[in-house]
Amino acid sequence: MDTLPYDQVVKIHSRDIEKLKLRKTVWDEVGSRPVMISAVIPTFNKNDPKYNKALMRVLMDCCNLVDKGILDEIVIAEGSRMEDGSPDFDFIEFILAVCFKYCKTFKSEVAFINQLPEGRKKALEGRFDFCVRILNQIDPELHKIFLKHKLLTEDEIEFLKQGKGGNLWFSIPVTYGDILCFVDSDIVSFNENYIKGLCYPLLSSWGEENPKLFSKATYTRRHKMKLGKYKIGGRLSRLAAIPLFKVLSERNILEGLDGVTYPFSGECAFTRETLNNIQFSNGYDIETSVLCQLWKKYSVENMELVDLGFFQHLPGTEDHTDDMLDEITKALFYWIRKYGLKKNLGNIEKLLDDYEKTAKSTLDWYEVRATRHPGKIIYGKEQRNEDLRRIKRYKKIILKGYKKSSGWEPKLLKPWSEIKEKTDSTVGYSYMNFKNTLQKRVNKFTSDTILTKIHVHIDRTRSIIDEHIK
């Protein structure tokens, strides 16, 4: 598994990506064309100005990449809802106002459609592809398409109305990209290098004998303290996942994944073919379940880590991270059992003792790292003691997860390759027909929202944004 270092990530210019997109062509039914890249951003209204500011930063930089020709589209996988279960159009208005203000391409498209009656008609029928599109997780018309073709049941639809995994799963067929780049919406430190860095390994190796099929972010996560100071973040990855994967690898379990230096990062990119063969989970274990499947289906040599440097997002509470670890641990032992590796675990008490010892041994390294970056992060006695308490707590949670994992399964969603096979076997229908119908529905939802529900105009954009970030 290779790593693209931070000092190389920051040197990737927009023109480098442009050249690669043009040179690394794709053949489809219309002939040769450049590689296309889609950014998928999951969003959910937290009624929090801090979150809205972080989301605004992510959208602004992605909009800039659209204008530069790096991104071909932004699909916002929106999961917010009102108390009655209807879409949160006030929050969608904020999202579109940000994109309208900061994406020249999108603004031009909206202006063009508004000026021509025939253009409005075409857009409202779902026949116009805006470069910014809203996929609504609770859109009943979207759900009807799945139900009509018996691809999902009513119960499965209800399950998919909730959860980040379900939201991202819906987004896969509606995108146009050959490369899909997923980035979370609560990243305070977001910048253009995140997208360029994640896509670069896949683009540069496109068409080669052993291409990179998946890239995943690694970074030094930090949390802001008082007086402008920062402490090391990433509790679950550095104190639970990294030492646990190392101990498992020593037992010949999931060898190679111990080289993933930030297992739970949500920032990643896939080739479409790879993504279609992976089952997303609709739980906290989504990143863990994806990693385990990639390990089984592909070589770790087809993965690349991308160092994004110092990283800051809006952290969750300790209780929240404990709940996450519980589900992640159960999923990890599920995959170990599924792949026939449980026999290698040996005595679970011994494994957990080794985990605790390994986790504690990493703390000196964090102290050294903080010393190398004075003013950027601190790691003193208080932070060390806090981590020691976490390690003891995580050890208990991992043991509980192991015990509860027997007979437990992750909330796995159907791989898109399975849906493709089913639709292609239907007389008079195909996956391409199905995909086009989904894309048309997302276009229609986006156009209807822009043109008839919220009327985003340049004179209102600033006030809409201010309402949500102050």
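What you see is a predicted model; the values in this text were computed from it and never measured. (Residues numbered from 1 in each chain as written. Predicted model: local features only at pLDDT ≥ 70, side-chain atom pairs only at ≥ 80, totals over all residues. Heavy atoms only, no water.)

With that settled, consider the pairing of strand 7 (residues 179-182). Here strand 7 shows a buried face lined by Ile-179 and Cys-181 and a second buried face lined by Leu-180 and Phe-182. Summarising the sheet, strand 7 and strand 10 (residues 268-271) pair through four bridges and their orientation is antiparallel. If you follow Leu-180 over to strand 10, its bridge partner there is Phe-270. (Buried < 20%, exposed > 50% of the residue type's maximum accessible area, 1.4 Å probe, protein only. Helix = DSSP H or I, 4+ residues; strand = E, 2+ residues; numbered from the N terminus. Pairing = 2+ DSSP bridges.)

This part covers the packing of helix 14 (residues 318-338) against helix 17 (residues 381-404). Two measures define how a pair of helices packs: the angle their axes make with one another and the distance between the axes. Running from N to C, helix 14 and helix 17 point in directions that differ by 40°, and their axes come no closer than 8 Å. Looking at the two axes, helix 14 sits oblique to helix 17. Considering the relative orientation of helix 14 and helix 17, their crossing is right-handed. On the side of helix 14, the interface is formed by Glu-318, Thr-321, Asp-322, Leu-325, Asp-326, Thr-329, Lys-330 and Phe-333, while helix 17 contributes Arg-390, Arg-393, Tyr-394, Ile-397, Ile-398, Gly-401, Tyr-402 and Lys-404. The residue inventory of the contact of helix 14 with helix 17, partitioned by class, reads six nonpolar, three polar and seven charged. (Axes fitted to C-alpha atoms, helices over the stretch in contact; angles between N-to-C directions. Parallel < 35°, antiparallel > 145°, perpendicular 65-115°, else oblique. Left-handed = near helix turned anticlockwise from the far one by under 90°. Contact = heavy atoms within 4.5 Å. Nonpolar A, V, L, I, M, F, W, Y, C, P; charged D, E, K, R; others polar.)

The next subject is the packing of helix 16 (residues 363-372) against helix 17. The geometry of helix 16 relative to helix 17 is characterised by a closest axis approach of 11 Å and an angle of 150° between their N-to-C directions. Between helix 16 and helix 17, the angle falls in the class roughly antiparallel. Here helix 16 and helix 17 pass one another in a crossing that is right-handed. Residues Leu-363, Asp-364 and Glu-367 of helix 16 touch helix 17, and the partners they reach there are Arg-384, Asp-387, Leu-388 and Ile-391.

Moving on: the state of the cysteines. What the rule picks out here adds up to zero disulfides. Lacking any disulfide linkage, Cys-63 is separated from the closest cysteine sulfur, that of Cys-99, by 4.0 Å. You can see Cys-131 has no disulfide; the closest cysteine sulfur is in Cys-103, sitting 4.0 Å from it. On the accessibility criterion, Cys-131 (5% relative accessible area) is buried. (Disulfide = S-S within 2.5 Å.)

Let us now look at the side chain of Asn-282. Its place among the elements puts Asn-282 in the loop between helix 12 (272-276) and helix 13 (286-297). At a separation of 2.8 Å, a polar atom in the side chain of Asn-282 contacts the main-chain carbonyl oxygen of Gln-162. There is a polar contact of 3.3 Å between the side chain of Asn-282 and the backbone nitrogen of Gly-165. If near-sequence neighbours (up to four positions away) are discounted, Asn-282 is found in contact with Phe-159, Leu-160, Gln-162, Gly-163, Lys-164, Gly-165, Gly-166, Lys-411 and Leu-413. (Polar contact = N/O pair within 3.5 Å; in protein donor to acceptor, adjacent residues only side chain to side chain.)

Phi at Asn-47 takes a positive value of approximately 50°, unusual for a residue other than glycine. Along the chain, Asn-47 turns up in the loop between strand 4 (37-43) and helix 3 (49-67). For Leu-254, which is not a glycine, the phi torsion comes out positive at approximately 55°.

With respect to burial, helix 9 (residues 164-174) is a largely interior element, 10 of its 11 residues being buried. Every buried residue belonging to helix 9 is among Gly-165, Gly-166, Asn-167, Leu-168, Trp-169, Phe-170, Ser-171, Ile-172, Pro-173 and Val-174, and all of these are buried.

Turning our eyes to something else, we now look at the confidence of the model for the chain. Taken over all residues, the pLDDT of the chain has a mean of 92, while the share at 70 or more is 98%. When pLDDT is averaged over each element of the chain, strand 7 comes out on top at 98 and helix 20 (residues 458-469) at the bottom at 83. (pLDDT = per-residue confidence, 0-100.)

Before going further, it helps to spend a moment on the pattern of salt bridges. Taken as a whole and judged by the stated rule, the model has 35 salt bridges. The shortest N-O distance in the salt bridge between Asp-322 and Arg-393 comes to 2.9 Å. Of the two residues, Asp-322 is situated in helix 14 and Arg-393 in helix 17; the sequence distance between them amounts to 71 residues. Assessed through its relative accessible area of 15%, Asp-322 is described here as buried. Residue Arg-393 is classed as partly exposed on the basis of its relative accessible area, which comes to 27%. Between Glu-356 and Lys-392 there is a salt bridge, and its shortest N-O distance comes to 3.5 Å. Note that Glu-356 is positioned in helix 15 (residues 348-361) and Lys-392 in helix 17, a separation of 36 residues in sequence. Judged by relative accessible area, which is 11%, Glu-356 ranks as buried. Three or more residues are tied together by salt bridges with common partners; here these are Lys-231, Arg-235, Arg-238, Glu-318, Asp-322, Glu-386, Asp-387, Arg-390 and Arg-393. (Salt bridge = Lys/Arg side-chain N within 4 Å of Asp/Glu carboxyl O.)

Turning to the environment of Cys-199, a few remarks are in order. One can find Cys-199 in helix 10 (residues 192-204). The exposure class of Cys-199 is buried, given its relative accessible area of 1%. Distance from Cys-199 to Ile-70, taken between C-alpha atoms, is 9.8 Å for residues 129 residues apart in sequence.

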